[in-house]
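# Structural description and commentary
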Amino acid sequence: MQGSASGAVYVRLGGDAHLMGNINNTDANYLYNIACGFGFKSVGNGASGNLYTNSTIFAYRGDCAGGGEMEADASGYAVDSSHWYRFVARVEMKQNRYDLAVYDMGATQPTLATATPVEPVATFTALPFRRTARDLGGISCISISTCNNPNSAYDDTLSARVDNLRVEHEKFGTMIFIR
């Protein structure tokens, strides 16, 4: 994701009901049906003309029962809106939690082959899911949304941009030792 100077960019992993995108105040609300979420969150005290002038890195800390809250990066790292950031989430389905590391990739748009820096600029560990994987029926979709981001035909750096999505599944096998 490219850093957002004036708004928010959210990436969420959810179940089938999240995929449906039903926005209402019941259990069918698509935000209720997520396991985890992260991205850039608007910082309310930087509002100007209904647009936010600064943002921070955040991750969603759930309670595995449908509640929780967004948690800001504790390091106080200043997001540079001209830079790209790599968000690496390690999701542990059976434990209903995830870890997140965020890396500053610099001003040039990276590719999937671009090496990830050694040191992250933000980390979150053992964040509980909003709802358990079992309650969600598993994770079956990824959603991306933005809000309070300006749009300009003359300056595309004002818009939030997401690129290079990759999902990997680690399978655990059986080892048989014969001696």
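Just above, that's the structure.
Criteria and thresholds
Residues numbered from 1 in each chain as written. Predicted model: local features only at pLDDT ≥ 70, side-chain atom pairs only at ≥ 80, totals over all residues. Heavy atoms only, no water. Helix = DSSP H or I, 4+ residues; strand = E, 2+ residues; numbered from the N terminus. Buried < 20%, exposed > 50% of the residue type's maximum accessible area, 1.4 Å probe, protein only. Contact = heavy atoms within 4.5 Å. Pairing = 2+ DSSP bridges. Axes fitted to C-alpha atoms, helices over the stretch in contact; angles between N-to-C directions. Salt bridge = Lys/Arg side-chain N within 4 Å of Asp/Glu carboxyl O. Core = buried A, V, L, I, M, F, W, Y, C linked by side-chain atoms within 4.5 Å. Patch = residues over 30% accessible without salt bridge, like charges linked within 9 Å, V, L, I, M, F, W, Y side chains within 5 Å. Areas by Shrake-Rupley, 256 points an atom, 1.4 Å probe, with all protein chains shown as cover.

### Let's talk about the overall build of the protein
- The helix and strand inventory of the protein stands at two helices and 10 strands.
- In sequence order, the secondary structure elements of the protein are arranged as β-α-β-β-β-β-β-β-β-β-α-β.
- Relative to its full complement of 179 residues, the protein shows a buried share of 38%.
- The long-range share in the protein, meaning contacts at least 24 apart out of those at least 6 apart in sequence, stands at 62%.

### Here's the deal with the environment of Thr 56
- With respect to the helices and strands, Thr 56 occurs in strand β5 (residues 55-62).
- In this structure Thr 56 comes out as buried when scored by relative accessible area, which is 16%.
- Thr 56 sits 15 residues away from Lys 41 along the chain, and the two C-alpha atoms are 5.4 Å apart.

### Observations regarding the sheet that holds strand β1 (residues 8-14)
- Taken in spatial order, the five strands of this open sheet run β6-β5-β2-β1-β10, and their pairing is antiparallel. In this open sheet, the two edge strands, each paired with only one partner strand, are β6 (68-72) and β10 (141-147). In this sheet, adjacent strand axes meet at a mean angle of 20 degrees when their direction is disregarded.
- Bridge count between β5 and β6: five bridges; the pairing is antiparallel. Residue pairing across strands places Gly 62 opposite Gly 68, the latter belonging to β6.

### Observations concerning the pattern of salt bridges
- Per the stated rule, a full pass over the model turns up three salt bridges.
- In this structure, the salt-bridge partner of Arg 61 is Glu 71, at a minimum N-O distance of 2.5 Å. Pair noted here: Arg 61 is in strand β5 and Glu 71 is in strand β6, with a separation of 10 residues, a long-range link.
- According to the relative accessible area criterion, Glu 71 is partly exposed, its value standing at 25%.

### Brief notes about the nonpolar core
- Among the nonpolar cores identified, the biggest contains 23 residues, and Ile 57, Phe 87, Tyr 98, Leu 100 and Val 102 are the most heavily contacted of them.
- Those elements giving two or more residues to this core turn out to be β1, β2 (34-42), β5, β7 (84-92), β8 (97-106), β9 (122-128) and α2 (133-136).
- Take this core: its biggest share by element is four residues, from β2.
- If we skip the residues at most four places from it in the chain, Ile 57 touches Gly 39, Phe 40, Glu 71, Ala 72, Asp 73, Tyr 77, Val 79, Phe 87, Val 102, Val 121, Ala 122 and Phe 124.

### With respect to a nonpolar patch on the surface
- A cluster of nonpolar side chains, Ile 142, Ile 144, Leu 165 and Val 167, forms an exposed patch at the surface whose accessible area comes to about 380 Å².
- Inspection of the secondary structure assignment puts Leu 165 in the segment after β10.

### Let's talk about the pairing of β2
- Taking burial as the measure, the nine residues of β2 include eight buried ones, the bulk of the element.
- Relative to β2, β1 runs antiparallel, the two sharing six bridges. Its bridge partner being in β2, Val 9 is matched across the sheet by Phe 40.
- Bridge analysis of β2 against β5 gives five bridges, and the strand direction is antiparallel. Opposite Phe 40, over in β5, you have Ile 57 as the bridge partner.

Any functional reading would require information beyond the geometric quantities listed.
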